[in-house]
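Here is what each chain is made of, one letter per residue.
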Amino acid sequence: MRWLSELETGGKHLAWLSVSQCLSALGCGPHYELAIEELCLAKFRLDMQELDERHWCSWEDTVELYGELTNCTFLVAMKLECFWPNRLVDEFFIRVHRHYFHECLLTGRLLRDPPNRILGPFIAVPILVTLLMTALVVWRSKRSEGIV
């Protein structure tokens, strides 16, 4: 019976810890959201404006800026004693991605057609091989008719 009461007590502590974390996450409402908008997003927005829009999808060019933005949201959460990450941070980064990275692929590069000097042989060679094989089959079938 003693282990049962210890389990119940431990369960109460675990429940209290869970509730306090939820309250901490819920307690980070508009003041946290406003803080990351004004402190973190403002700097990120200025940094991204300095970077040419064509380079927004280049991970090498944006990794440092993105890391600073992430770190800023973390530091603001710690200063305001908020749980991090939380729903507000997730929604914040979704908005950032929709605005700045909506045209980027998962690889971080926009796909383009290769130059014609590269693409041409990949188109011409299979066509020529198909024509050559067809001509060879026709020639071989006509030649064997006379032998039989």
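Residues numbered from 1 in each chain as written. Predicted model: local features only at pLDDT ≥ 70, side-chain atom pairs only at ≥ 80, totals over all residues. Heavy atoms only, no water.

- An unreviewed UniProt entry lists the protein chain under the name Receptor activity-modifying protein 1, from Collichthys lucidus.
- Quoted verbatim from the Subcellular location (unreviewed entry) heading of the UniProt record, the comment on the protein chain is "Cell membrane".
- Annotation of the protein chain in UniProt includes, under Subunit (unreviewed entry), the sentence "Heterodimer of CALCRL and RAMP1; the interaction induces allosteric modulation of CALCRL function and CGRP1/CALCA and CGRP2/CALCB ligand specificity. Heterodimer of CALCR and RAMP1; interaction forms the AMYR1 receptor complex for amylin/IAPP and CGRP1/CALCA ligands." (UniProt positions renumbered as here; feature names shortened; annotations may be inferred.)

### Focus: the overall build of the protein chain
- The secondary structure content of the protein chain amounts to five helices and zero strands.
- Look at the contacts in the protein chain between residues 6 or more apart in sequence, and 70% of them connect residues 24 or more apart.
- Split by element, the accessible area of the protein chain, about 11,900 Å² in all, is 65% carbon and sulfur. (Helix = DSSP H or I, 4+ residues; strand = E, 2+ residues; numbered from the N terminus. Contact = heavy atoms within 4.5 Å. Areas by Shrake-Rupley, 256 points an atom, 1.4 Å probe, with all protein chains shown as cover.)

### Notes on the side chain of N86
- Mapped onto the fold, N86 is located in the loop between α3 (59–79) and α4 (87–100).
- A polar contact of 2.9 Å, which involves the side chain of N86, links it to the backbone nitrogen of V89. (Polar contact = N/O pair within 3.5 Å; in protein donor to acceptor, adjacent residues only side chain to side chain.)

### Details of the pattern of salt bridges
- Within the structure shown, the criterion is met by six salt bridges.
- Salt-bridge contacts for E33 lead to R95; the nearest nitrogen and oxygen are separated by 3.8 Å. Of the two residues, E33 is situated in helix α2 (residues 30–50) and R95 in helix α4; the sequence distance between them amounts to 62 residues.
- We classify R95 as partly exposed; its relative accessible area is 35%.
- Here E37 and R95 are joined by a salt bridge, their closest N and O atoms 2.7 Å apart. With E37 in helix α2 and R95 in helix α4, the pair connects residues that are 58 residues apart, well separated along the chain.
- Judged by its relative accessible area of 26%, E37 is partly exposed. (Salt bridge = Lys/Arg side-chain N within 4 Å of Asp/Glu carboxyl O. Buried < 20%, exposed > 50% of the residue type's maximum accessible area, 1.4 Å probe, protein only.)

### Considerations on the nonpolar core
- In this structure, Y32, F44, M48 and V96 are the most contacted members of the largest nonpolar core, which totals 24 residues.
- Taken together, the elements giving at least two residues each to this core come down to α2, α3 and α4.
- Per element, the largest residue contribution to this core is seven residues, and it comes from α2.
- Excluding residues within four positions of it along the chain, M48 makes contact with W56, T62, L65, Y100 and F101. (Core = buried A, V, L, I, M, F, W, Y, C linked by side-chain atoms within 4.5 Å.)

### Comments concerning the packing of aromatic side chains
- Inspection of the entire model under this criterion finds seven aromatic pairs.
- Consider the rings of F74 and W84, whose centres lie 5.2 Å apart with planes at 80°: the pair is edge-to-face. Placement of F74 in helix α3 and of W84 in the loop between α3 and α4 is noted, with a sequence separation of ten residues between them.
- F74 gets classed as partly exposed once you look at its relative accessible area, which sits at 31%.
- These aromatic residues form a ring-pair network of at least three members: F44, W56, Y66, F92, F93, Y100 and F101. (Phe/Tyr/Trp six-rings, centres within 6.5 Å; stacked < 30°, edge-to-face > 60°.)

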